[in-house]
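Residue-level structural notes
If you want the building blocks of each chain, they are given just below.
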Amino acid sequence: MPADSEDPEETTGATGGASGGPTTWRPLGVRLSGALFGGLLMVVSVAAWVRLDPEIKAVFTPFERVTTLLIYAGAFAAWYALVRSRVTATSDRLVVVNGFKRREFAWAQVIAVRLPKGAPWATVDLADGTSIPAMGIQGSDGGRARAAVLALREAIAQHSR
């Protein structure tokens, strides 16, 4: 994990940085489902391994065991990348962390935020004509995501004055 990707002064709220303090939005559904189903997968896998007969365990080569562990590590890394995704609004900038990539934008660079119906996550439109995904606001979070988009729009409007 890059050292500059975490902001130790961030707090979570619903003001979109309007109060001067940072406000952070994170995906809820991804965190819950990843923890629940990932945890269940680990419990079932360990229980299955423990219950196997020693003769069957002996059939598995070290390469197969390492491969299985690497698959679990890759699944955890993907889940962790989604979990650490966030959008943080501060008084002077917007920080978007998508997976393991962190981007910072001055408010003058941010034009709008959109979350079209059916979209997996919000999109931030920038002054240079490009758009970036904001995976910290996931459409699957429903009303929570819509409230985050409205708060972020309010913050954009406040800082563009």
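Before reading on, note that the structure itself is shown above.
Scope of this entry: the structure provided in the associated data block.

Conventions used here
- Starting from 1, residues in each chain are numbered consecutively following that chain's sequence as written.
- Where local features are concerned, this predicted model is filtered to residues with pLDDT of at least 70; where side-chain atom pairs are given and counted, the filter is 80 or more; whole-chain, interface and lining totals use all residues.
- Heavy atoms throughout the structure, all of them, feed into the side-chain values; hydrogens and water do not.
- We count a stretch as a helix when DSSP gives it H or I for four or more residues in a row; a strand needs E for two or more, and each element gets its number in order from the N terminus.
- The contact criterion used is simple: two residues touch if any of their non-hydrogen atoms lie within 4.5 Å.
- Here the Shrake-Rupley method, with its probe set to 1.4 Å, supplies the accessible areas, and only the displayed protein chains count as covering residues.
- At least two DSSP bridges between two strands are needed for those strands to be called paired.
- Axis lines are fitted to C-alpha atoms, over the contacting stretch for helices. Their N-to-C directions set the angle, which ranges from 0 to 180 degrees.
- Stacked, tilted and edge-to-face are the three classes assigned to paired rings of Phe, Tyr and Trp, where Trp is represented by its six-membered ring and a pair needs centres within 6.5 Å; plane angles under 30 degrees give stacked, over 60 edge-to-face, the rest tilted.
- Take the buried Ala, Val, Leu, Ile, Met, Phe, Trp, Tyr and Cys residues and link them wherever side-chain atoms come within 4.5 Å; each set so joined is a nonpolar core.
- Exposure classes here rest on a 1.4 Å probe applied to the protein chains alone. A residue is buried below 20% of its type maximum, exposed above 50%, and partly exposed in between.

Moving on: the overall build of the protein chain. Looking only at helices and strands, one finds 4 helices and 7 strands in the protein chain. Once local pairs closer than 6 in sequence are excluded, the contacts in the protein chain between residues at least 24 apart make up 50%. Here the protein chain displays about 9,500 Å² of accessible surface, and carbon together with sulfur accounts for 66% of that area.

Our focus in this paragraph is the sheet that holds strand β5 (residues 110-114). Spatially, the 3 strands line up as an open sheet ordered β5-β6-β7, and their pairing is antiparallel. With one partner strand each, in any of the chains shown, β5 and β7 (131-138) form the two edges of the open sheet. When the angles between neighbouring strand axes are averaged without regard to direction, this sheet yields 25 degrees. In this sheet, β7 lies alongside strand β6 (residues 121-126) in antiparallel orientation, the contact comprising 5 bridges. Bridging across to β7, T123 finds its partner in P133.

Moving on: the packing of aromatic side chains. With the rule as written, the count across this model stands at 4 aromatic pairs. Between F76 and W79 the ring centres are 5.7 Å apart and the planes differ by 45 degrees, which places this aromatic pair in the tilted class. Residue F76 and its partner W79 are both found in helix α3 (residues 62-83); the two are separated by 3 residues, about one turn of the helix. Taking 6.2 Å as the distance between ring centres and 15 degrees as the angle between the ring planes, the aromatic pair formed by F76 and Y80 counts as stacked.

With that settled, the discussion passes to the nonpolar core. Ranked by internal contacts, the top residues of the largest apolar core, which has 24 residues, are W25, L94, W107, V110, V124, I137 and L152. Of all the secondary structure elements, the ones that give two or more residues to this core are β2 (86-89), β3 (93-98), β5, β6, β7 and α4 (143-159). No other element matches α4, which puts 7 residues into this core. If sequence neighbours within four positions are ignored, V110 has contacts with L94, F105, V124, D125, L126 and I156.

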